[in-house]
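Understanding the architecture of this molecule
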Amino acid sequence: MPNDNVTKLVQPGSFEDPLTEVLRAGARTLLTQAVETEVAEFLAKHADLRTEDGRARIVRHGHLPEREVMTGIGPVAVRQPRVRDREADAESGERIRFTPAILPPYARRSRSLEVLIPILYLKGISTGDFEEALAALLGKDAPGLSASTIARMREAWTGEHMRWKKRDLSTRRYVYVWADGIHLQARLEDEKQCILVLIGATPEGKKELLGFTDGARESAQDWRELLLDLKARGLTVAPKLAVADGALGFWKAVGEVWPATREQRCWVHKTANVR
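For clarity, every value in this text was computed on a predicted model and none was experimentally measured. Numbers given to residues run from 1 along each chain, matching the order in which its sequence is written. Where totals are concerned, whole chains, interfaces and linings use all residues; where local detail is concerned, this predicted model gives features only for residues with pLDDT of at least 70, and gives and counts side-chain atom pairs only at 80 or more. With hydrogens and water excluded, all non-hydrogen atoms of the structure serve as input to the side-chain values.

What follows is about the overall build of the chain. Segments assigned H or I by DSSP are reported as helices when at least four residues long, segments assigned E as strands when at least two residues long, and all are numbered from the N terminus. Within the chain one finds seven helices and nine strands. Within the chain, the proportion of its 275 residues that are buried is 35%. The long-range share in the chain, meaning contacts at least 24 apart out of those at least 6 apart in sequence, stands at 55%. If you sum the accessible surface of the chain, you get close to 17900 Å²; carbon and sulfur atoms cover 54% of it. The classification of residues rests on relative accessible area computed with a 1.4 Å probe and restricted to protein chains. Under 20% of the type maximum is buried, over 50% is exposed, and intermediate values are partly exposed. Contacts are assigned to residue pairs that have any heavy atoms within 4.5 Å of one another. What sets the accessible areas is the Shrake-Rupley method with a 1.4 Å probe; for residues, cover comes only from the shown protein chains.

Tracing the backbone through its elements, the reader meets Gln221 in helix H5 (residues 220-232). Residue Gln221 is classed as partly exposed on the basis of its relative accessible area of 41%. Sequence-wise, Gln221 and Gly249 are 28 residues apart; in three dimensions their C-alpha atoms are separated by 7.5 Å. N or O atoms within 3.5 Å of each other form a polar contact, as long as, within protein, one can give a hydrogen and the other can take it, and as long as residues adjacent in sequence are counted only when both atoms are side-chain atoms. Within the local environment of Gln221, its side chain forms a polar contact with the side chain of Arg224, the two groups lying 2.6 Å apart.

Nonpolar side chains (Val, Leu, Ile, Met, Phe, Trp, Tyr) within 5 Å and like charges within 9 Å form the patches, drawn only from residues with over 30% relative accessible area and no salt bridge. Here a salt bridge means any side-chain nitrogen of Lys or Arg lying within 4 Å of a carboxyl oxygen belonging to Asp or Glu. A surface patch of nonpolar side chains, about 400 Å² in accessible area, is lined by Tyr176, Trp178, Ile199, Leu209 and Phe212. Only strand S5 (176-182) and strand S7 (207-215) provide two or more residues apiece to the nonpolar patch. Within the element layout of this structure, Tyr176 appears in strand S5.

Moving on, we come to the sheet that holds S5. Two strands are said to pair when DSSP picks up at least two bridges between them. Taken together, the five strands give an open sheet; going across it, the order is S7-S6-S5-S8-S9, and neighbouring strands pair in mixed fashion. Each of the sheet's edge strands pairs with one partner strand only, and the pair in question is S7 and strand S9 (262-265). Strand-to-strand twist of the sheet, defined as the mean angle between neighbouring strand axes without regard to direction, takes the value 20 degrees. Sheet analysis places S5 next to strand S8 (residues 241-244), joined by three bridges and oriented parallel. Counterpart to Trp178 in the pairing with S8 is Val243. Note on definitions: angles span 0 to 180 degrees between N-to-C directions of axes, and those axes are lines fitted to C-alpha atoms, for helices only across the stretch in contact. Each of S5, strand S6 (194-201) and S7 touches H5; the most contacted strand, S6, lies at about 40 degrees to it.

Moving on to the pattern of salt bridges. Taken as a whole and assessed by the stated rule, the structure comprises seven salt bridges. Across the salt bridge formed by Arg28 and Glu66, the nearest N and O atoms sit 2.9 Å from each other. Residue Arg28 is found in helix H1 (residues 18-45), and its partner Glu66 is found in the loop between strand S1 (58-63) and strand S2 (67-71); the two are separated by 38 residues along the sequence. Judged by its relative accessible area of 36%, Arg28 falls in the partly exposed class. Classification of Glu66 as partly exposed rests on a relative accessible area of 46%. Glu36 serves as the salt-bridge partner of Arg60, at 2.6 Å between the closest nitrogen and oxygen.

On to the packing of aromatic side chains. Stacked, tilted and edge-to-face are the three classes assigned to paired rings of Phe, Tyr and Trp, where Trp is represented by its six-membered ring and a pair needs centres within 6.5 Å; plane angles under 30 degrees give stacked, over 60 edge-to-face, the rest tilted. Per the counting criterion, the structure on display carries five aromatic pairs. In textbook terms, an aromatic cluster arises when at least three aromatic residues are bridged by ring pairs, as seen for Trp223, Phe250 and Trp251. Here the guanidinium or amino end of Arg167 rests over the ring plane of Trp164, the centre of that ring lying 4.2 Å away. When the ring centre of Trp178 is taken as origin, the NZ or CZ atom of Lys207, which lies over that ring, is 4.8 Å away. A ring is considered to have a charge above it if a Lys NZ or an Arg CZ atom is located within 6 Å of its centre and within 35 degrees of its normal.

Here is the structure:
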């Protein structure tokens with residue numbers, strides 16, 4: 001029987017939570033980026049060291065075997081880069097070894113698990129806040145939290161976000177979309193008071209995040225710009241149905257950009273309004 005026909009079953013006493021899996025995948029990406037940043041800084045620090053034949057003395061040398069670290073959202077699998085010293089020191093005879101501060105040898109559990117997730121959710125996405133979030137994971141006295149480290153990690157996250165915002169949508173089709181404005185306490189520009197979020201459902205029933213942007217009180221102009229951006233990137237087939245609350249800005253934008261899309265009020269919002 002082909003392997004792709006084998007289905008993993010949930011074991012008794014366990015459960016699968018899609019949200020937790022998304023968070024765990026994000027935690028693994030962040031941890032990998034943090035360790036890679038630390039490796040890059042370590043190599044840059046020793047870039048001037050050379051062997052007798054003129055080659056770089058400190059170089060990357062693959063990865064150590066994968067291991068799992070227990071975090072506040074369950075086990076997260078990580079692979080630590082391996083660094084090699086090609087030549088022992090002429091005076092001491094010792095070799096330079098790389099030990100990441102973020103991922104100590106044999107570490108199997110992260111620190112301050114009880115406060116990690118609340119800080120990541122409650123703090124804004126800024127250099128100082130990321131430093132506090134990492135301090136909650138590593139401890140206040142943990143090294144490797146320099147401003148340059150945080151800046152390089154932030155650049156990687158920003159690049160990933162920009163690639164996602166510019167992704168091609170010409171091969172995608174969504175039957176339903178859900179729209180809502182989420183009001184946050186994070187620091188935003190004065191005129192930007194909420195995050196506009198659009199989620200779509202494929203013909204197969206899979207939900208995907210279509211797009212999000214900051215908006216001014218869910219105005220029609222901000223919703224219009226978000227929908228036109230999706231259309232410009234290839235989403236030319238309008239969804240059959242749009243679901244949202246009673247905010248008039250979204251419905252006005254939908255009528256202009258997707259005039260054939262049917263409209264439906266969100267029952268959750270409507271029930272909350274009645275109550």
